[in-house]
Amino acid sequence: MDKTFDPKPIEARWCQDWEAGGCYQPSGSGTPYAIMIPPPNVTGTLHMGHAFQHTVMDALTRYHRMSGFDTLWQPGTDHAGIATQMVVERNLKLAGEPSRAELGREKFLDKVWEWKKYSAGTIGQQIRRMGSSVDWTREAFTMDPAYSKAVVEHFVRLHEDGLIYRGKRLVNWDPVLQTAISDLEVVQEEENGKLWHFRYPLADGATYTDSEGRTLNYIVVATTRPETMLGDTAVAVHPEDERYKHLVGKQVLLPLCNRLIPIVADDYVDREFGTGCVKITPAHDFNDYQLGQRHKLPVFNIFTRTAHVIGTVTDEEWTQAADKNAEAADGIGAIAREATALNWRAIPEKYRGLDRIVARKQIVADLEADTAYTNCHSGESRNPEPAGAVLDPGVRRDDEVAEGSANAAASSAKPAKPAYPRGLVDKIIDHKLKVPRGDRSGAVLEPYLTDQWFVDLTRETRHDGQPGNGGLLAITKPAIDAVESGRIRFVPDNWKTTYFHWLNNIQDWCISRQLWWGHRIPAWYDAEGKVYVGRDEAEVRAKHGLAAGVSLKQDEDVFDTWFSSDIWPMATLGWPDNTEALKKYYPSSVLVTGFDIIFFWVARMVMMGQYFMNDVPFKDVFITGLVRDPEGNKMSKSKGNVLDPLDVVDGITLDALVAKRTTGLMNPATAPKIEGKTRKDYPKGIEPVGVDALRFTFAALATNGRDVRFDAARAEGYRNFCNKIWNASRFVLMNVGALDPETGAELPGVSLDGEATLSTADRWIISKLQRLEAEAAQHFADYRFDLLAASLYQFIWNEYCDWYLELTKPVMQGSDEAAKRGARRTVVRVLEVSLRLLHPIMPFITEEIWQRVGPLAGKTGKTIMLEPYPVANPERIDEAAEADVEWLKGFMLGVRQIRGEMDIPPGKPVPVLIQNASEADAERIARFTDSVSFLARLESIRVLAASDEAPQSATALLGSMKILVPMAGLIDKAAELARLAKLKAKLENDLKMNEARLASDKFVNGAPAAVIDKERARVAQQKAELATLAEQEARISAL
RNA sequence: GGACAGUUAGCUCAGUGGUAGAGCAUCGCCUUCACACGGCGGGGGUCACAGGUUCAAGCCCUGUACUGUCCA
């Protein structure tokens, strides 16, 4: 064995042996214990979050496997529709290859499959390297043929049960990706914007008097999105708003468009917000859409699927384009035609085809320039808006159109800040607003009217009028009940609040996506647009009696990725077939995942599990925190703060890390900033720590669902721990004769048989081991890997290495053969048990050492992986031995403190005198003379009689016993007095507090007797100690 | 605006009623025959703030402040 632990060759060997040896597969006997891996996206490689969660899952898996369960950890990957499609498109662009559109659907999908193969392979290698004991024979992918069949099956069954519908609804539309997305994929970000106030003239020359007594012939609407006015179909006011009540039913003339639109009353309107008048654009705002439905307003779509104002095309051109689109797999071609062909002519020509932001500027400028109504009221007296009101429409991102040349002329003239009112613009004020963006593309989303597929989650009865429960009762409520009833337990518990809150406010789920990568929706349309749903075209034809001559076209859209991963726990086990695996491993035991996908995934698996299996998909949900960078920021590629777990395992130089983080950036301009931060966070790069140390770090940091700030120094600390274990094992092997101390060569054929006696130290460490075993079981049951790691670390380093191995040294070098045998046997067995206790977190080092130590402890198994996990035996707890060793530690600490503070070199033997020893003290001194002398490097130890005079000494206390180290004139009087004063001060302080407590009637009358007794004993003890100290202080002062 | 977390040593975090703990960092001594990726010792906290409950509060209750996350 080498002097220093070198993880790399060991990891490589065991990874291979375990997998090849079939150790990862279920044993086939025992109670089933199953974990379904949250399938990583095939978008690239695994990050620290995966490594963290996999560590937790593997620890659970190995623990249960060792504990005799029939353990399955099921691996796999997720096709991750949008995310993967984006990655592949970007790769094509970077490589200068033809784009998605140029390739066409089929060829593009070939490229994605190529990428998938590469990515899944990388992920598999990463999982293997981390030592994750997944059953590779069951590896799954969400687009495997069998899995795809299950996806179709669950869609068709839900459809047959009336829980899926297709309809034209306002959805969140991503104009960059050009697909619908679900509510969950929308991130609302607060951004700085403007609130524009526009004057909409009243029709037919109507006027009214405002609260300031002015006569007005217009009303002022406030909006954050001027460009949508092209699609306004009403203005709304609150029905009880005294200011406008009387105008309800009248009309306004929509500026620029010159359309008449009504003023309606609706209590959705917030009287306090803006002017209390809201323009209503049903086609491009969710609230307006609802309001429009209530008031039967026309829905006036003004945007294309790229969020440009619909263009200048003839009806004929539109028809052709739409047909072509429909043929070219453009699922919304027909809708666009319908909505747009009717409307485009109503949009003033100058705005047609403009990007929405460009259109916004143009519209504001034109309204400002519209002087037709500038004098449309009398008594204009308001002050212009103060400086700060500017025309800039606010912050933009690079995905939006930059300031165009249209405005170049204006900006070069450096215009003075305009004063308002100006034309039809009443005023413009700064305003913070929530901007909806796509979580993948970052693009500003557009509410957009399209035909999509939805899962009904909100109705009590079926939407199609058939008998039976709607989605609310059939899907949503059972998912709530699963957690409410305790059949699913969240750990930590508080996440169930989040879960309930979402389910209680749930919306129907839009499951269709206008993408290419994914499961094609199993719906077919005939020439009339009639839709048929079935498992395949043949089934549809058979079911509906459609002759071969009837042409059917399959829906071009694919499912939302989550509408395939929602059946992961059952489909990977063979559902819809009732396989043996499904019977055995469903429901799985625990789901380990992050809180960020409770809605996306956890809740939906519960829904589908309950619906199709009539049972929960997992019994526990262990929610882990997120792995963050040292400053607490979320790790992301664009921030350039991601770490590859294998770079921590193998180490990486600073330059290599910088290079890795700054290449292939979406926005190369951020590279210098990223480089700066990287150089600050990891000034020396990252030292290699090995898999075991990284895993242990994750375990130690996994504190009760809190986020984890990854700290490379911590990982290095646990690498040191590995080295400690390694060297302790070397020491053990050397001492039992299994390792040559000179050459490091392994010597076979060692036997520890024969008569043996166990020392106090032996019985103590065995006793402590039982306590550790009990703690380990508890921590696993509670998912407290941090406490588990701390217990193991503390036992191995601070008890076993620091004390127990030291205590055995004199025995090992002594001549008592039976005692020697007892120590050797204990040293080996405790180490062997410790290795098994540690194995679920640190699989490699424990296996490597166990191969040598196991046989010495009488183990004949091939691998530690399949050995039983240690269980506590309460009968071996030995409180007397524990008390003895505590006393011994106290004695040692006293001598060491004197050494440390008196600057006595550790190697120099010192004589020790004892005063005030009780009988028990004296007995222990006699018993432990050898140990103490060896460990504390004592020259001699002598117990003084009460009458004996002690020489000048430095003092330590153990209870009221005095441990004296004679200083023979060398004593630094001032230093020793200072030392004593320090001890005394602390003691006096404590004593004062405790006496005060005992003097209080409240305490004496109120506290339990046991507490009072304990307090009295403590005070007595402290008084005795204080007396001893005072005496010693007097003696030193007198020198 | 609502909900949920968090606030403890320089840093990262344990600690659910009985005198504050760990790792890392720091300071001092030591290349002692398993380990310098080591050993030994030291220093360092009025547990965010204000009330309350209790014989007793870092811990329970109420409120405030700040930070973070989620949902409107």
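To be clear, the structure that these remarks concern was listed above.
The structure presented is a predicted model; accordingly, all values stated were derived computationally and were not measured. Sequence order as written defines residue numbering, which begins from 1 separately in each chain. All chains are assigned letters beginning with A, and all ligands numbers beginning with 1, in the order in which they are written. Where local features are concerned, this predicted model is filtered to residues with pLDDT of at least 70; where side-chain atom pairs are given and counted, the filter is 80 or more; whole-chain, interface and lining totals use all residues. Each side-chain value is derived from all of the structure's non-hydrogen atoms; neither hydrogens nor water enter the calculation.

Further remarks concern the overall build of chain A. The way it works is that DSSP assigns letters per residue, a run of H or I at least four long becomes a helix, a run of E at least two long becomes a strand, and they are numbered from the N terminus. Looking only at helices and strands, one finds 31 helices and 31 strands in chain A. A principal-axis box enclosing the C-alpha atoms of chain A has dimensions of 120 × 75 × 60 Å. Throughout, exposure labels follow a simple rule: accessible area from a 1.4 Å probe, protein chains only, divided by the maximum for the residue type, with under 20% read as buried, over 50% as exposed, and the rest as partly exposed. Each of the 1039 residues in chain A was classed as buried or not, and the buried ones make up 53%. Note on contacts: a residue pair is in contact if any heavy atoms of the two residues lie within 4.5 Å. Of the contacts formed within chain A by residues at least 6 apart in sequence, a portion of 78% connects residues at least 24 apart. Entry remark: accessible area of chain A is about 45,100 Å², with carbon and sulfur atoms responsible for 51%. To be clear on the numbers: accessible area is Shrake-Rupley with a 1.4 Å probe, and residue cover counts the displayed protein chains and nothing else.

This brings us to the side chain of R924. Its place among the elements puts R924 in helix α28 (residues 919-936). Beyond its immediate sequence surroundings of up to four residues, R924 is in contact with A883, D884 and W887.

Looking now at the pattern of salt bridges. Definition used for salt bridges: Asp or Glu carboxyl oxygen within 4 Å of a side-chain nitrogen of Lys or Arg. As enumerated under the stated definition, the model contains 67 salt bridges in all. Of the charged contacts, one joins R459 and D508 as a salt bridge, the two residues approaching to 2.9 Å between their closest N and O atoms. Linking R459 in the loop between β16 (446-455) and α11 (471-484) with D508 in the loop between α12 (495-504) and β18 (509-510), this pair joins segments that are 49 residues apart in sequence. On the basis of relative accessibility, which here comes to 27%, the residue R459 falls in the partly exposed class. Close ionic contact of E806 with K809 constitutes a salt bridge, the shortest N to O distance being 3.1 Å. Placement of the pair is E806 and K809 together in helix α24 (residues 785-813), with a separation of 3 residues, close to one helical turn.

This part takes up the pairing of strand β10 (residues 218-223). Where burial is concerned, most of β10 is hidden: 6 out of the 6 residues are buried. Burial along β10 is two-sided: the face carrying Y218, V220 and A222 and the face carrying I219, V221 and T223 are both buried. Where strand β7 (residues 186-201) lies against β10, 6 bridges are found, and the strand directions are antiparallel. Bridge pairing in β10 links R199 to V220. The pairing criterion for strands is at least two bridges between them, as found by DSSP.

Turning our eyes to something else, we now look at the protein's contact with RNA strand B. In this text, near means that some heavy atom of the residue lies within 4 Å of the molecule or strand in question. Around RNA strand B, 45 residues are found, and the nearest of them are T703, W797, Q897, M993 and R1018. Here, RNA strand B places atoms within 4 Å of the protein, and 62% of those atoms are sugar or phosphate. R709 is positioned with one of its side-chain polar atoms (N or O) 2.9 Å from a phosphate oxygen of RNA strand B. Within the side chain of K809, a nitrogen or oxygen atom sits 3.5 Å from a base nitrogen of RNA strand B. Each polar contact in these results corresponds to two N or O atoms within 3.5 Å; when the atoms are within protein, one needs to be able to donate a hydrogen and the other to accept it, and residues that are neighboring in sequence are counted only if both atoms are side-chain atoms.

A sheet is described by the order of its strands in space; here 4 strands give the open sequence β12-β13-β11-β14, paired in mixed fashion. The sheet terminates laterally at β12 (251-254) and β14 (277-280), the two strands that pair on one side only. Averaged over neighbouring strand pairs, the angle between their axes works out to 30 degrees when direction is ignored. The sheet contact formed by β12 and strand β13 (residues 259-265) spans 4 bridges and is antiparallel. Pairing of L253 across the sheet is with L260, part of β13. Every axis corresponds to a line fitted to the C-alpha atoms, with the helix fit spanning only the stretch in contact, and the corresponding angles, defined between N-to-C directions, vary from 0 to 180 degrees.

A few words on the packing of aromatic side chains. By convention here, two paired aromatic rings are described through the distance between centres and the angle between planes. Pairing of aromatic rings covers Phe, Tyr and the six-membered ring of Trp, with a centre-to-centre limit of 6.5 Å; geometry is then stacked below 30 degrees between planes, edge-to-face above 60, and tilted otherwise. Overall, the coordinates contain 40 aromatic pairs when judged by the stated rule. Geometrically, the ring pair formed by W495 and F595 is stacked, given 5.0 Å between the ring centres and 5 degrees between the ring planes. Residue W495 is located in helix α12, and its partner F595 is located in the loop between β24 (588-594) and α17 (598-613); the two are separated by 100 residues in the primary sequence. An aromatic cluster of at least three residues, connected via ring pairs, comprises Y63, F622, F780, Y783, F785 and Y869. For a ring to carry a charge above it, either NZ of a lysine or CZ of an arginine must fall within 6 Å of the ring centroid while also lying within 35 degrees of the normal to the ring plane. Against the face of W516 rests R100, its NZ or CZ located 4.6 Å from the ring centre. If you follow R604 out to its NZ or CZ, it ends over the ring of W509, 3.8 Å from the centre.

Turning next to the packing of helix α23 (residues 760-782) against helix α27 (residues 879-901). Interhelical geometry of α23 versus α27 gives an angle of 110 degrees and a closest axis separation of 8 Å. Taken together, the axes of α23 and α27 are roughly perpendicular relative to one another. Here T760, R763, W764, S767, K768 and R771 of α23 lie close against α27, whose contacting residues are E879, A881, E882, D884, V885 and K889. Note on residue classes: Ala, Val, Leu, Ile, Met, Phe, Trp, Tyr, Cys and Pro are nonpolar, Asp, Glu, Lys and Arg are charged, and everything else, Gly too, is polar. Grouping the amino acids of the contact of α23 with α27 by side-chain chemistry returns 3 nonpolar, 2 polar and 7 charged. Note on terminology: angles under 35 degrees are roughly parallel, angles over 145 are roughly antiparallel, angles of 65 to 115 are roughly perpendicular, and the others are oblique.

What follows concerns unusual backbone geometry. The omega torsion of the bond from V491 to P492 falls at -5 degrees, within 30 degrees of zero and hence cis. The topology assignment puts P492 in the loop between β17 (489-491) and α12. Of note, the phi angle at Q178 is positive, near 55 degrees, even though the residue is not glycine. Looking at where Q178 falls in the secondary structure, it is placed in the loop between β5 (164-174) and β6 (179-181). The phi torsion at Y783 lies on the positive side, around 60 degrees, for a residue other than glycine. With respect to the element layout, Y783 can be found in the loop between α23 and α24. Look at Y783 and you get buried, because its relative accessible area is 7%.

Our focus in this paragraph is the pairing of β7. Relative to strand β15 (residues 425-438), β7 runs antiparallel, the two sharing 13 bridges. The residue bridging K194 from the neighbouring strand is D430, located in β15.

Another point: the nonpolar core. The set of buried Ala, Val, Leu, Ile, Met, Phe, Trp, Tyr and Cys residues whose side-chain atoms join them within 4.5 Å is what this entry labels a nonpolar core. F710, F785, Y800 and F891 are the most contacted members of the largest nonpolar core, which has 202 residues in total. The biggest single contributor to this core is α24, with 13 residues. If sequence neighbours within four positions are ignored, F891 has contacts with V912, I914, V932, L938, I941, L958, M961 and I963. With 46 residues, the next largest nonpolar core counts F303, L367, L424 and C510 among its residues.

On to the sheet that holds strand β28 (residues 910-915), then. Picture the strands of a sheet paired through backbone hydrogen bonds; they go either parallel or antiparallel. Strand order in the open sheet made by the 4 strands is β29-β28-β31-β30, with mixed pairing throughout. Looking at the sheet topology across the chains shown, the edges are occupied by β29 (938-943) and β30 (953-958). This sheet shows a mean twist of 25 degrees between the axes of neighbouring strands, independent of strand direction. Pairing between β28 and β29: 5 bridges, direction parallel.

With that out of the way, let us pick up the environment of R714. Mapping R714 onto the fold places it in helix α22 (residues 712-735). When the C-alpha positions of R714 and P239 are compared, they lie 63 Å apart, and in sequence the two are 475 residues distant.

Turning to the packing of α11 against α12, a few remarks are in order. Contact pair α11 / α12: the axes reach a minimum separation of 10 Å and the direction vectors enclose 165 degrees. When the axis of α11 is compared with that of α12, the two are roughly antiparallel. The interaxial crossing formed by α11 with α12 has left-handed handedness. Here T476, A479, I480, V483 and E484 of α11 lie close against α12, whose contacting residues are K496, Y499, F500, L503 and N504. Residue composition of the contact of α11 with α12, by class: 6 nonpolar, 2 polar and 2 charged. By definition, turning the near helix anticlockwise from the far helix through less than a right angle yields a left-handed crossing, and turning it clockwise yields a right-handed one.

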